[in-house]
Amino acid sequence: MNWINESVPQEFILLGFSDRPWLELPLFVMFLFSYILTIFGNLTIILVSHLDFKLHTPMYFFLSNLSLLDLCYTTSTVPQMLVNIRNTRKVISYGGCVAQLFIFLALGSTECLLLAVMSFDRFVAICRPLHYSVLMHQRLCLQLAAASWISGFSNSALQSTWTLQMPLCGHREVDHFFCEVPALLKLSCVDTTANEAELFFISVLFLLIPVTLVLISYAFIVQAVLRIQSAEGRRKAFGTCGSHLIVVSLFYGTATSMYLQPPSPSSKDRGKMVSLFYGIIAPMLNPLIYTLRNKEVKEAFKRLAARTKCLLSLLTSLQVALFFVITIENYCKLPQRKFP
């Protein structure tokens, strides 16, 4: 359906919870705190995965991709939300809304696929441990990650184009915190049934199919783990997969309730809260889940901290030595006093 939009507004008004001004300060504090934790946690995961040689494995390669994705994911929306909460005019330019729509949708679609790829990696690691290094070679990991990113951005290009082609007839009040497809479709002054059907179909492809693959992978994983004789081996295997399974449940559960449930008047505020959860809270929790439950990451943190401490000690020693050298050099340059 190709609509010519002749009434494109210069800016949109993001309503959020503007009808409840008493929520603005708590929301500002919560968003700011979550954003700081998200930036710090995901940057730490990326640095540790790249600096520690023992973490140069497919699992942590995909985890680094997830952390980078979450960093960009939250940065595309949270700064604008913080600005709007503290301002009386809660607006975003048309170009900014288009960019936000495209990036948020692209990264969300990419995460749907990347989590399924990570579950496949865990399936190979536990069910085919002797062939893991052969099957999950570097080239395949790069191809799987690239396919997730390219598919996510391709999906976003299609959905964003379809959404932005809908005529708005001067409507510019978005009942949301940021520009998202369901919220923008509500602004259209024509029938959006076809667009909603397209959105539902693509959501099935990017949500239900990956979830099904994840469930199949974990069904085989559970069978393989239960066949392990030692309790320590079972505990280690479940611990390795537990973090990923929690992240999968948080993301897919909230995203599915947002995109695959039929809209209803009573779900307006619920949709906002669900979007905030998978757009802000989940990216903040991901690094905490992986670091608190993963022994390898904890040990990598300790090794990195020890190396940092040694480096700081070396730098301090060099500064002290340099100070003495400069002091002695300056002393030697002083004019010698002549005694009678």
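Since this is a predicted model, take the numbers as computed values, not measurements.

## Describing the overall build of the chain
Now for step 1: Along the backbone of the chain there are 11 helices and 3 strands.
Now for step 2: When the helices and strands of the chain are listed from N to C terminus, the series reads β-α-α-α-β-α-α-α-β-α-α-α-α-α.
Now for step 3: For the chain, buried positions account for 44% of its 340 residues.
Now for step 4: For the chain, restricting intrachain contacts to residue pairs at least 6 apart in sequence, the fraction spanning at least 24 positions comes to 80%.

## Thoughts on the environment of phenylalanine 200
Now for step 1: Tracing the backbone shows phenylalanine 200 in helix α8 (residues 193-226).
Now for step 2: Classification of phenylalanine 200 as partly exposed rests on a relative accessible area of 43%.
Now for step 3: A sequence separation of 59 residues divides phenylalanine 200 from tyrosine 259, and the C-alpha atoms of the two residues are 6.9 Å apart.

## Looking at the pairing of strand β1 (residues 11-14)
Now for step 1: Along β1, the buried face is formed by Phe12 and Leu14; none of Glu11 and Ile13, which line the opposite face, is buried.
Now for step 2: Of the pairings in the sheet, the one linking β1 to strand β2 (residues 91-93) comprises 3 bridges and is antiparallel in character. When the sheet's bridge partners are listed, phenylalanine 12 is paired in β2 with isoleucine 92.
Now for step 3: Sheet topology note: the β1/strand β3 (residues 173-174) ladder contains 2 bridges and is parallel. What sits directly across from isoleucine 13, in β3, is glutamate 173.

## Observations concerning the side chain of asparagine 84
Now for step 1: Along the chain, asparagine 84 turns up in helix α3 (residues 78-86).
Now for step 2: With near-sequence residues (within four places) excluded, asparagine 84 lies in contact with Leu14, Arg89, Lys90 and Val91.

## Structural notes on the UniProt feature "transmembrane region" (unreviewed entry) in the chain
Now for step 1: Sequence positions flagged by UniProt for "transmembrane region" (unreviewed entry) are, in local numbering, residues 25-48, 60-78, 98-120, 140-158, 200-226, 238-261, 273-290 and 310-328.
Now for step 2: Overall, residues 98-120 shows 100% helix and 0% strand. The separation of its end C-alpha atoms is 34 Å.

## Section: the packing of helix α1 (residues 24-51) against α3
Now for step 1: Orientation of α1 relative to α3, taken along the N-to-C sense of each, is 155°, at an axis distance of 10 Å. With respect to α3, the element α1 is oriented roughly antiparallel. In this structure, the crossing between α1 and α3 has a hand that is left-handed. Of the residues in α3, those touching α1 at Glu24, Leu25, Leu27, Phe28, Phe31, Leu32 and Tyr35 are Val78, Pro79, Met81, Leu82, Ile85 and Arg86.
Now for step 2: Among the residues making up the contact of α1 with α3, the classes are represented as 11 nonpolar, no polar and 2 charged.

Criteria and cut-off values
Residues numbered from 1 in each chain as written. Predicted model: local features only at pLDDT ≥ 70, side-chain atom pairs only at ≥ 80, totals over all residues. Heavy atoms only, no water. Helix = DSSP H or I, 4+ residues; strand = E, 2+ residues; numbered from the N terminus. Buried < 20%, exposed > 50% of the residue type's maximum accessible area, 1.4 Å probe, protein only. Contact = heavy atoms within 4.5 Å. Pairing = 2+ DSSP bridges. UniProt positions renumbered as here; feature names shortened; annotations may be inferred. Axes fitted to C-alpha atoms, helices over the stretch in contact; angles between N-to-C directions. Parallel < 35°, antiparallel > 145°, perpendicular 65-115°, else oblique. Left-handed = near helix turned anticlockwise from the far one by under 90°. Nonpolar A, V, L, I, M, F, W, Y, C, P; charged D, E, K, R; others polar.

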